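An overview of the molecular structure
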Amino acid sequence: MLLLGIDVGTSSIKVSVIEAATQKIIESVQYPETESEIISLQTGWAEQSPDQWWDDVQAAIKKANTGGKYNPRDISAIGIAYQMHGLVLVDKAGKTLRNSIIWCDSRAVPYGDAAFEKIGKAKCLTHLLNSPGNFTAAKLAWVKDKEPEVYSKIDKILLPGDFIAFRLTDRATTTASALSEGIFWDFITNSISKDVLEYFGFDRQQFPPVQEVFSEHGKVSKKVATDLGLKEGIPVTYKAGDQPNNALSLNVLNAGEVAATAGTSGVIYGVADQLVFDQQSRLNSFAHVNHSPDTIRTGVLLCINGTGIMNRYVKQLAGSQLTYREFDQQASAIKAGSDGLHILPFGNGAERIFNNKIVGAHFENIDLNKHTAPHFFKAAQEGIAFAFKYGFDIMQSNGMQPLRIRAGKANMFLSKVFTEAFVNVIGVPVELYDADGSAGAAKGAGIGIHYYASAEEACKVQQSNACIVPFNSSFYQDLYQQWLHTLQRHYKPPKSLIKKIVF
């Protein structure tokens, strides 16, 4: 039995086919080869075309099929992971009404902030576990206000993974996990939030039926099956946001377990067995893939928008001719601290850790006689690691005290420079795994068709291939404090937070 996993990322689509019995990856491909465009029509805006996602998903599946390593007709189930918080709108004919307003778009902050005040902060935090902030509900409110002609044509409101499943099956569904990441879900009533619907004036009928994460979300249509060389009727049995899915792929399912990723954005994601929230909504809590009203599993998420995108930006500016491996080698030649050069990597929209403020990316303390391109390479990766540390302190102040962090050996965790800075400044060992979002989605599909008895069974074969232990923490703590003073010039937390954050 083969399982197909699709990962709808910001930079590209990734597809993996695994053998269910052994969980061996038979084929894994990415499409397109170059990084996908983020459309920014105005400062702080970020959009992508859902139709382009679908074109790229089809191209990726066809690319995987043409490798000749498996028979596509042996695929028995499909799972989907996707970039979180994106807003996709379709009409009654199933056509998209506009580009998706994606996760790092900042235009809706005022709508979310107003809802936080009017619904009531205490009610939002205890029922939604978050401020509506800059999430999908607030983005939908922006469309309702600024594009009423588009809003009037909406038949269904979808998250990115819901949309890809809809294209595969012609059936629209969603999950409590998806709705919680959009800040539509009430954890107390276990239903779509009446408070959110009433405050914004949304129509409940615009939301698809709510199903379990691990369940049948439709069957691949005849046309799609013919186009992609698949069997008609293959079920889509799993949909999850990229961070809950990454946690699943790393066997992070129970309270106290923590995962990390460092792709376009960076995330530390911990699991709790209570309905937990941060008073300032600097962290966000969503329904994990194995959450249910009877078995609470919330994913507490720290997000740094400017992570891999900052690394890529510096490479494009000063090392476009280099491979990422060469880029890292040059960074390794510079001593830790980058000779005083500081980079703040916050140039990819409003950052939640800063109360949804746009701090911006900054290059500071540049010495024109000393600093070379490799200094910038080093300072970018250190600045990203220090941003994680800033957020990790908030996680710890909210009770998350991991003894280890699990991460896939991918993206920035392929860099020795970044990994060394991250481990030492965070002060917690990091276990690296050969984990992959699309392979995790394939495992999710296997859980959804009950090939595996449980998520724990599906993930128990996962083995760490390296454990990086802090070895120079005090030195990196000193570097971090210097970087923190630079940050203070651009962002000062509200007075109520200063006691928790020491500059």
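Just so we're clear, the structure is a prediction, and the values are computed from it rather than from any experiment. (Residues numbered from 1 in each chain as written. Predicted model: local features only at pLDDT ≥ 70, side-chain atom pairs only at ≥ 80, totals over all residues. Heavy atoms only, no water.)

With respect to the packing of helix H10 (residues 242-249) against helix H15 (residues 437-448)
In contact at an axis separation of 8 Å, H10 and H15 are set at 80° when each is read in the N-to-C sense. Considering their axes alone, H10 and H15 lie roughly perpendicular with respect to each other. The segment H10 lies against H15, with Asn245, Leu248 and Ser249 engaging Gly437, Gly440, Ala441, Lys443, Gly444 and Ile447. Grouping the constituent residues of the contact of H10 with H15 by class yields three nonpolar, five polar and one charged. (Axes fitted to C-alpha atoms, helices over the stretch in contact; angles between N-to-C directions. Helix = DSSP H or I, 4+ residues; strand = E, 2+ residues; numbered from the N terminus. Parallel < 35°, antiparallel > 145°, perpendicular 65-115°, else oblique. Contact = heavy atoms within 4.5 Å. Nonpolar A, V, L, I, M, F, W, Y, C, P; charged D, E, K, R; others polar.)

Points about the pairing of strand E2 (residues 13-19)
Among the seven residues that make up E2, five are buried, leaving the element largely enclosed by the rest of the structure. Of the strand pairs in this sheet, strand E1 (residues 2-8) and E2 are connected by seven bridges, and their pairing is antiparallel. Note that in E2 the partner of Asp7 across the bridge is Lys14. In textbook terms, the turn of a hairpin is the stretch between consecutive antiparallel strands, and for E1 and E2 this stretch comprises four residues. Of the pairings in the sheet, the one linking E2 to strand E3 (residues 25-31) comprises six bridges and is antiparallel in character. From the neighbouring strand, Lys14 faces E3, where its bridge partner is Gln30. (Buried < 20%, exposed > 50% of the residue type's maximum accessible area, 1.4 Å probe, protein only. Pairing = 2+ DSSP bridges.)

Points about the sheet that holds strand E17 (residues 298-304)
The seven strands are arranged E16-E17-E15-E14-E20-E21-E22 in an open sheet whose pairing can be described as mixed. A single partner strand is all that each edge strand has here, and the edge strands are strand E16 (284-287) and strand E22 (464-468). The mean angle between the axes of side-by-side strands here comes to 30°, regardless of whether they run parallel or antiparallel. Strand direction decides the pairing type here: E16 and E17, joined by four bridges, are antiparallel. In the sheet register, Ser285 faces E17, and the bridge partner there is Val300. Here H10 sits on the sheet in contact with strand E14 (258-262), strand E15 (266-272) and E17, set at roughly 120° to E14.

Thoughts on the packing of aromatic side chains
Within this structure, the stated rule accounts for 24 aromatic pairs. Grouping aromatic residues by their ring pairs yields a cluster made of Phe346, Phe354, Phe386, Tyr390, Tyr480, Trp483 and Tyr491. Over the face of the ring belonging to Trp45 we find Arg107, whose NZ or CZ atom lies 3.6 Å from the ring centre. Between the NZ or CZ atom of Arg107 and the centre of the ring of Trp142, over which it lies, the distance is 4.5 Å. (Phe/Tyr/Trp six-rings, centres within 6.5 Å; stacked < 30°, edge-to-face > 60°. Lys NZ or Arg CZ within 6 Å of the ring centre and 35° of its normal.)

Focus: the confidence of the model for the protein chain
Within the protein chain, residue pLDDT values average 95, and 98% of them lie at 70 or more. Note that residues 497-503 has pLDDT below 50 and, in this model, 17 contacts with residues that lie over four places away or in other chains. (pLDDT = per-residue confidence, 0-100.)

Details of unusual backbone geometry
Cis peptide bonds are those with omega within 30 degrees of zero, and the linkage from Tyr31 to Pro32 qualifies with -5°. As for its position among the elements, Pro32 is in the loop between E3 and strand E4 (47-48). A positive phi angle, close to 55°, is found at Asn190, a residue other than glycine. On the basis of relative accessible area, Asn190 is assigned to the partly exposed category, the value being 31%. Phi angles above zero are rare outside glycine, and Asn411 is one such case at about 50°. With respect to the helices, strands and loops of the structure, Asn411 is situated in the loop between strand E20 (405-408) and helix H14 (416-426).

What to know about the nonpolar core
Ranked by internal contacts, the top residues of the largest apolar core, which has 56 residues, are Phe346, Phe422 and Leu487. Top contributing element to this core by residue count: helix H13 (residues 373-397), with 13 residues. Residue contacts for Leu487: discarding those within four places in its chain leaves Leu344, Phe346, Phe354, Val359 and Tyr390. Counting residues in hydrophobic clusters, the runner-up holds 50 residues, among them Ala108, Phe116, Ala137 and Val252. (Core = buried A, V, L, I, M, F, W, Y, C linked by side-chain atoms within 4.5 Å.)

Points about H13
For H13, with 25 residues, the first-to-last C-alpha span of 37 Å sits near the 36 Å given by 1.5 Å per residue. Remark: Gly399 follows H13 within two positions and exhibits a positive phi of approximately 95°. (Expected span 1.5 Å × (residues − 1).)

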